Amino acid sequence: MTAVITWTATDDCGNTSTASQTVTIEDNTAPVFANAPASTTADCGSIPPVTVVTAMDLCSSAPVVMEETSTTGCPYTITRTFTATDDCGNSAVHVQEILVVDTTAPELSSYPADDMVECNAIPVAPVLTASDDCDPSVAVIPEEQVIGECSEYTIERTWTATDNCGNS
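What counts, and where the lines are drawn
- Residues numbered from 1 in each chain as written.
- Predicted model: local features only at pLDDT ≥ 70, side-chain atom pairs only at ≥ 80, totals over all residues.
- Heavy atoms only, no water.
- Helix = DSSP H or I, 4+ residues; strand = E, 2+ residues; numbered from the N terminus.
- Rg over C-alpha atoms; globule rule 2.2 N^0.38 Å.
- Contact = heavy atoms within 4.5 Å.
- Areas by Shrake-Rupley, 256 points an atom, 1.4 Å probe, with all protein chains shown as cover.
- Polar contact = N/O pair within 3.5 Å; in protein donor to acceptor, adjacent residues only side chain to side chain.
- Disulfide = S-S within 2.5 Å.
- Salt bridge = Lys/Arg side-chain N within 4 Å of Asp/Glu carboxyl O.

Our focus in this paragraph is the overall build of the protein. On a plain count of helices and strands, the protein comes out with zero helices and 12 strands. For 168 residues, the compact-globule estimate of 2.2 N^0.38 gives 15 Å, and the C-alpha radius of gyration of the protein, at 34 Å, exceeds that figure by more than 25%. In the protein, the share of contacts with a sequence separation of at least 24, taken over all contacts with a separation of at least 6, comes to 45%. Element-wise, carbon and sulfur atoms account for 52% of the exposed surface of the protein, whose accessible area totals about 11700 Å².

Structural data, given as structure tokens:
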């Protein structure tokens, strides 16, 4: 960018003299983030929200800040990349990494209480579901074991819910 500055001097008799100066302005300095969030570790239920990040620049009044998020693995990392670009194309990048840990086991939906029934009234095992703060689709595996024989025996039913991080 170029700016021309003109000075004019006038004396009491109305005589004038002018001089001009051409100033070339170069912006080679990247913006500076004002409130970039730090990297952290969080549980699935307490992931910090995306921060509205701002930046300051010597020559641009409002550098544009873009945010991009990606996730990987289990435990997984949320990578938030913030890029601030000024009017002259100078940019700065800040990366916030959030290591998301899953230490909480899934919770099974309501399950039947222990019961004593006659041989001809054995209830069908219900289909149970589970919820988890990190895994939206937890598999529930039913297992049935008969203990004892003939006139008196026990059917032991076990449901196991395991999330994608191995908590069960």
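Structure shown, so let's carry the discussion forward.
Mapped onto the secondary structure, Asp43 falls in strand β4 (residues 40-43). Along the sequence, Asp43 and Pro75 sit 32 residues apart, while their C-alpha atoms lie 9.6 Å from each other. When neighbours within four sequence positions are excluded, Asp43 is seen to be in contact with Val100, Val101, Asp102, Thr103, Thr104 and Asp133. At a separation of 3.4 Å, a polar atom in the side chain of Asp43 contacts the side chain of Thr103.

A few words now on the side chain of Asp102. Take Asp102: it is sitting in the loop between β8 (91-101) and β9 (107-108). Polar contacts involving the side chain of Asp102 include one to the main-chain amide nitrogen of Thr104, which spans 3.3 Å. Setting aside anything within four residues of it in sequence, one finds Asp102 in contact with Asp43, Cys44, Asp132, Asp133, Cys134, Asp163, Cys165 and Asn167.

Summed over all chains, the structure comprises one disulfide. Looking at Cys88, it has no disulfide partner, and the nearest cysteine sulfur is the one in Cys59, 6.1 Å off.

Moving on: the pattern of salt bridges. A full pass over the atoms with the stated rule returns one salt bridge. Two residues, Arg157 and Glu144, come together in a salt bridge whose shortest N-O distance is 2.7 Å. With Arg157 in strand β12 (residues 152-162) and Glu144 in strand β11 (residues 139-149), this pair connects stretches of sequence that are 13 residues apart.

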